[in-house]
Amino acid sequence: MPSALITGATAGIGAAFARRLAADGFSLVLVARDEKRLLVRAEELRLRYGVETEVLPADLADEEGLAAVERRLREGVDLLVNNAGFGLPGTFPDVPVADEVRMLKVHCEAVLRLTLAALPGMRERDRGAVVNVASVAAFFTRGTYSASKAWVVNFSESAATELGGGRVRVMALCPGFVRTEFHERAAMNVSGIPGILWLSADDVVGEAMRDLARGRRVSVPDLRYKAIVAVGRLLPTGLTSRISRRIGRR
């Protein structure tokens, strides 16, 4: 039975990955800060899909929590999904620096260290994959959140290049607006986002898994967001910056 470790597994895209991978027969290691929610999620998946589930409560912004997940990855998994992440209320430079550093630790340091912990075993077995969840925001200049996600995309592409296109793969997943708890937790008012731009977490994960099987290094789910990213790359940076400031957060 193949195995997968998913960070941020209790809700949203992480929970959707857990459902999809359990349905595909993966045993699961579920990582998040909230142990109570983890236990509930693990039991639901075990009962519905008949797979083995393991919970690992950990705060990836904390050295002890991050080190615990690194140790588990060194025991070996077939798929790592670096999904944990969050947004911050307020805008740069008004957000407290401690909050900014915490976000960078989760979005960048944890992604780097967990990927490095998982890859040696995958390379030894000559199979495995890492999916690093970034965002369409990575392709636009929108504060430190987009900057951190741009790092995730660049890192994932660079790691995939260094691995040489063999049976061990690294892919960045860049969804647009997905109906999850993310925006509420970040105190974002998204009432101005058109309904047509919202995606479901299950659809995002389905397309991500297809792109991973195809060997793509960057996955942008949905044709609408593929078009937005393509157009954004053609427009002057100053114009895309002004547009991005006007949407999402009010």
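Quantities reported herein were computed from a predicted structural model and do not represent experimental measurements. (Residues numbered from 1 in each chain as written. Predicted model: local features only at pLDDT ≥ 70, side-chain atom pairs only at ≥ 80, totals over all residues. Heavy atoms only, no water.)

## A short note on the overall build of the protein chain
Here is the rule we go by: Helix numbering and strand numbering both begin at the N terminus, where a helix is a DSSP run of H or I of at least 4 residues and a strand a DSSP run of E of at least 2. Whether two residues are in contact is decided by their heavy atoms, any of which lying within 4.5 Å being enough. Residue exposure ignores everything except the shown protein chains as possible cover, and the areas themselves are Shrake-Rupley values with a 1.4 Å probe.
Along the protein chain, the regular secondary structure elements total nine helices and seven strands. Put simply, 69% of the contacts in the protein chain that link residues at least 6 apart link residues at least 24 apart. Accessible area for the protein chain stands at about 12,200 Å²; split by element, carbon and sulfur atoms hold 53% of it.

## A few points about unusual backbone geometry
The criterion, for reference: Residue burial is assigned from relative accessible area. The probe radius is 1.4 Å, only protein chains are included, and a residue is buried under 20% of its type maximum, exposed over 50%, and partly exposed in between.
Looking along the chain, the bond that leaves Phe92 and enters Pro93 is cis, with omega of 5°. Tracing the backbone shows Pro93 in the loop between β4 (79-82) and α4 (97-125). Of note in the backbone geometry, Asp126 takes a positive phi value of approximately 60° without being a glycine. Positionally, Asp126 belongs in the loop between α4 and β5 (128-133). We classify Asp126 as partly exposed; its relative accessible area is 39%. Within the chain, Asp222 stands out as a residue other than glycine whose phi angle is a positive 85°. Inspection of the secondary structure puts Asp222 in the loop between β7 (218-219) and α8 (223-234).

## Considerations on the pattern of salt bridges
Defined as follows: The term salt bridge refers to a pairing of a side-chain nitrogen on Lys or Arg with a carboxyl oxygen on Asp or Glu at a separation within 4 Å.
Going through the model one piece at a time under the given rule, you end up with 18 salt bridges. Between Glu109 and Arg113 there is a salt bridge whose closest N-O contact spans 2.8 Å. Residue Glu109 and its partner Arg113 are both found in helix α4; the two are separated by four residues, about one turn of the helix. Residue Arg113 is classed as buried on the basis of its relative accessible area of 18%. With its nearest N and O atoms 3.0 Å apart, the salt bridge here joins Asp211 to Arg214. Here Asp211 falls in the buried class, since its relative accessible area comes to 1%. Under the relative-accessibility criterion, Arg214 is labelled exposed at 52%. Through salt bridges that share partners, Glu63, Glu70, Arg74, Lys105, Glu109 and Arg113 make up one connected network.

## What about the sheet that holds β4?
Under the convention used in this document: At least two bridges found by DSSP between two strands are what make those strands a pair. Note on definitions: angles span 0 to 180 degrees between N-to-C directions of axes, and those axes are lines fitted to C-alpha atoms, for helices only across the stretch in contact.
Judged by pairing direction, the sheet is parallel, and its seven strands sit side by side in the order β3-β2-β1-β4-β5-β6-β7 without closing on themselves. Two strands lie at the open edges of the sheet, namely β3 (53-57) and β7, each paired on one side alone. Alignment of strand β2 (residues 27-32) against β3, held across five bridges, turns out to be parallel. Counterpart to Leu28 in the pairing with β3 is Thr53. Running at roughly 170° to β3, helix α2 (residues 35-49) makes contact with β2 and β3 of the sheet.

## A look at the packing of aromatic side chains
What counts is decided by this rule: Between 30 and 60 degrees the pair is tilted, below 30 it is stacked and above 60 it is edge-to-face, where a pair is any two Phe, Tyr or Trp rings, Trp via its six-membered ring, whose centres lie within 6.5 Å.
Under the criterion given, the structure shown has two aromatic pairs. Here Trp151 and Phe155 contribute two aromatic rings whose centre-to-centre distance is 4.9 Å and whose plane-to-plane angle is 5°, an arrangement assigned as stacked. Of this pair, Trp151 and Phe155 are both found in helix α5 (residues 143-163), four residues apart, which corresponds to roughly one turn of the helix. By relative accessible area, which is 31% here, Trp151 ends up partly exposed.

## Let's talk about helix α3 (residues 63-74)
Structurally, the α-helix is built with 3.6 residues per turn, so residues lying three or four positions apart point the same way. Under the convention used in this document: A helix is expected to span 1.5 Å multiplied by its residue count minus one. Counting of polar contacts relies on pairs of N or O atoms within 3.5 Å, with two restrictions inside protein: one atom must be capable of donating a hydrogen and the other of accepting it, and residues adjacent in sequence are counted only when both atoms are side-chain atoms.
Over its twelve residues, α3 runs 16 Å from end to end, which matches the ideal 16 Å to within 8%, given 1.5 Å per residue. For α3, every residue scored as buried is listed here: Gly65, Leu66, Ala67, Ala68, Val69, Glu70, Arg72 and Leu73. Packed against the buried residues of α3 are β1 (3-7), β2, β3, β4 and α4. Between the side-chain oxygen of the N-cap and the backbone nitrogen of Glu64 there are 3.1 Å, and the N-cap of α3 in question is Asp62. Directly beyond the C-terminal end of α3, a positive phi value near 110° is found at Gly76.

## Some details on the packing of helix α1 (residues 12-23) against helix α7 (residues 201-213)
Just so we agree on the cut-off: Roughly parallel means an angle under 35 degrees; roughly antiparallel means over 145; roughly perpendicular covers 65 to 115; every other angle is labelled oblique. Whether a crossing is left-handed or right-handed is set by the direction in which the near helix is turned from the far one by less than a right angle, anticlockwise for left-handed and clockwise for right-handed. When residue character is reported, Ala, Val, Leu, Ile, Met, Phe, Trp, Tyr, Cys and Pro are called nonpolar, Asp, Glu, Lys and Arg charged, and the others, Gly included, polar.
Direction vectors running N to C along α1 and α7 enclose 60°, while the axes themselves pass 8 Å from each other. Considered as vectors, α1 and α7 are oriented oblique to each other. In this structure, α1 meets α7 at a crossing whose hand is right-handed. Across from Gly12, Ile13, Ala16, Phe17, Arg19, Arg20 and Leu21 in α1, the residues of α7 making contact are Ala201, Asp202, Val204, Val205, Gly206, Ala208 and Met209. Here the residues of the contact of α1 with α7 are counted per class, giving nine nonpolar, two polar and three charged.

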